[in-house]
Amino acid sequence: MERLLEYLDEQKPDIVCLQELKGADETLPVKDIEAAGYGAVWHGQKGFNGVAVLARGQQPVERQRGLAGDPEDAHSRYIEVEVGDLIVASIYLPNGNPQPGPKFDYKLQWMERLAERAGALLAEERPVVLAGDYNVIPNDDDTFSVRAMASDALMQPESRARYRSLLAQGWTDALRTRFPAGGIWTFWDYQAGAWQRDAGFRIDHLLLSPQAADRLNGAGVDKDYRGRERASDHAPTWVTLR
């Protein structure tokens, strides 16, 4: 929480998408967020998952929480809002490890459900941003070591294929567009000195509808925040739109 409030104060982003909150709605720090000048919409879950969207100086208008297609799925992994003329979704895609197995099957099924929702959003022909932790390493140059990640669910051919099919609907991967040669990490594990060795990979993505992509002004990763005390293992990943 300290790091989040620090980031809001220093960078003053207009919209913030959070993932893996690990708290029920009634325990989330709404008052602290509001005191920092942000309205918030939360989709929490006790001890697991959880997503939110914050907006500076205004209250996001909730459009949808959760994805259709599996009435038994109780995971808090998707929240969709409007902020001004933008539609923004905060996404926490399943990790899928260990694979093969039921967790990996759930990941792939969840990606199919996300693709259905993404297609419906494109049909609205509005500026849309699908932002979050996708738990997919799209390309070999999106990881410090292909060999080290070869058996991980984040880099399996099935995971990558579903990510590519999502892009093929007409979405723009903002960070990839800005850094086409790859080599940009958004995540460094807490284990094995990954941060110190710069052994990271790119799993946090901001996908833009054509109407949002037309307004793309910049994208990047605020890597330095990963090195702060008690930091998240993900660095803030951002896009600016005109």
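Description of the structure in this document. Every value quoted in this text rests on a predicted model; they were computed, and no experiment measured them.

1. Quick look at the nonpolar core
Thinking step 1. Of all hydrophobic cores here, the largest spans 22 residues; its most connected members are Ile91, Leu114, Leu130, Tyr134 and Trp171.
Thinking step 2. Only β6 (86-92), α3 (102-123), β7 (128-133) and α5 (157-168) provide two or more residues apiece to this core.
Thinking step 3. Broken down by element, this core gets its largest block of residues, eight residues, from α3.
Thinking step 4. Among all residues touching Ile91, those that are not within four sequence positions of it are Gln19, Val51, Arg77, Tyr78, Trp110, Leu114, Leu130, Ala131, Gly132, Asp133 and Tyr134.

2. Focus on α3
Thinking step 1. Look at α3: 32 Å from first C-alpha to last across 22 residues, which is about the 32 Å you get at 1.5 Å a residue.
Thinking step 2. Immediately beyond the C-terminal end of α3, within one or two residues, lies Glu125, with a positive phi of roughly 55°.

3. Quick look at the packing of α3 against α5
Thinking step 1. The interhelical angle for the contact between α3 and α5, taken along N-to-C directions, is 5°, at an axis separation of 10 Å. The orientation of α3 with respect to α5, classified from their angle, is roughly parallel. Every residue of α5 that contacts α3 at Phe104, Lys107, Leu108, Met111, Glu112, Leu114, Ala115 and Ala118 is listed here: Glu158, Ser159, Arg162, Tyr163 and Leu166.
Thinking step 2. Here the residues of the contact of α3 with α5 sort into eight nonpolar, one polar and four charged.

4. A look at the packing of aromatic side chains
Each aromatic ring pair is specified by the distance between its two centres and by the angle formed by the two planes.
Thinking step 1. Across all of its chains, the model carries four aromatic pairs by this definition.
Thinking step 2. An angle of 75° between the planes, with centres 4.8 Å apart, marks the rings of Tyr7 and Tyr225 as edge-to-face. One end of the pair, Tyr7, is in helix α1 (residues 2-11); the other, Tyr225, is in the loop between β12 (216-221) and β13 (237-241), with 218 residues separating them in the sequence. Neither residue differs from the other here; Tyr7 and Tyr225 are each classed as buried.
Thinking step 3. Judged by centre distance (5.9 Å) and plane angle (90°), the ring pair of Tyr134 and Tyr163 falls under edge-to-face. Of the two residues, Tyr134 is situated in the loop between β7 and α4 (146-149) and Tyr163 in helix α5; the sequence distance between them amounts to 29 residues.

5. Here's the deal with the environment of Ser145
Thinking step 1. Inspection of the secondary structure puts Ser145 in the loop between β7 and α4.
Thinking step 2. A sequence separation of 125 residues divides Ser145 from Glu20, and the C-alpha atoms of the two residues are 25 Å apart.
Thinking step 3. In this structure the side chain of Ser145 is engaged in a polar contact, spanning 3.0 Å, whose partner is the backbone nitrogen of Ala148.

Reading guide: rules and limits
- Numbering of residues begins from 1 in every chain and follows the order in which that chain's sequence is written.
- Under the rules for a predicted model, residues below a pLDDT of 70 receive no local features and side-chain atom pairs below 80 are neither given nor counted, while totals for whole chains, interfaces and linings still include all residues.
- Processing note: side-chain calculations cover all non-hydrogen atoms of the structure and skip hydrogens and water entirely.
- Among the buried residues, those of types Ala, Val, Leu, Ile, Met, Phe, Trp, Tyr and Cys that are joined through side-chain atoms within 4.5 Å form a nonpolar core.
- Three exposure classes are used, based on accessible area relative to the maximum for each residue type with a 1.4 Å probe and protein chains only: buried under 20%, partly exposed in between, and exposed over 50%.
- Here a helix means four or more residues in a row that DSSP labels H or I, a strand means two or more in a row labelled E, and each is numbered from the N terminus.
- What makes two residues a contact is simply this: any of their non-hydrogen atoms within 4.5 Å.
- A helix's residues, less one, multiplied by 1.5 Å, set its expected span.
- Angles here are taken between N-to-C directions and fall from 0 to 180 degrees, while the axes themselves are lines fitted to C-alpha atoms, restricted in helices to the stretch in contact.
- Oblique is the label for every angle not falling under 35 degrees (roughly parallel), over 145 degrees (roughly antiparallel), or within 65 to 115 degrees (roughly perpendicular).
- We call Asp, Glu, Lys and Arg charged. Ala, Val, Leu, Ile, Met, Phe, Trp, Tyr, Cys and Pro are nonpolar, and the rest, Gly among them, are polar.
- Stacked, tilted and edge-to-face are the three classes assigned to paired rings of Phe, Tyr and Trp, where Trp is represented by its six-membered ring and a pair needs centres within 6.5 Å; plane angles under 30 degrees give stacked, over 60 edge-to-face, the rest tilted.
- Distance and chemistry together define a polar contact, namely a pair of N or O atoms within 3.5 Å, with one atom able to donate a hydrogen and the other to accept it when in protein, and with adjacent residues in sequence counting only for side-chain atoms on both sides.

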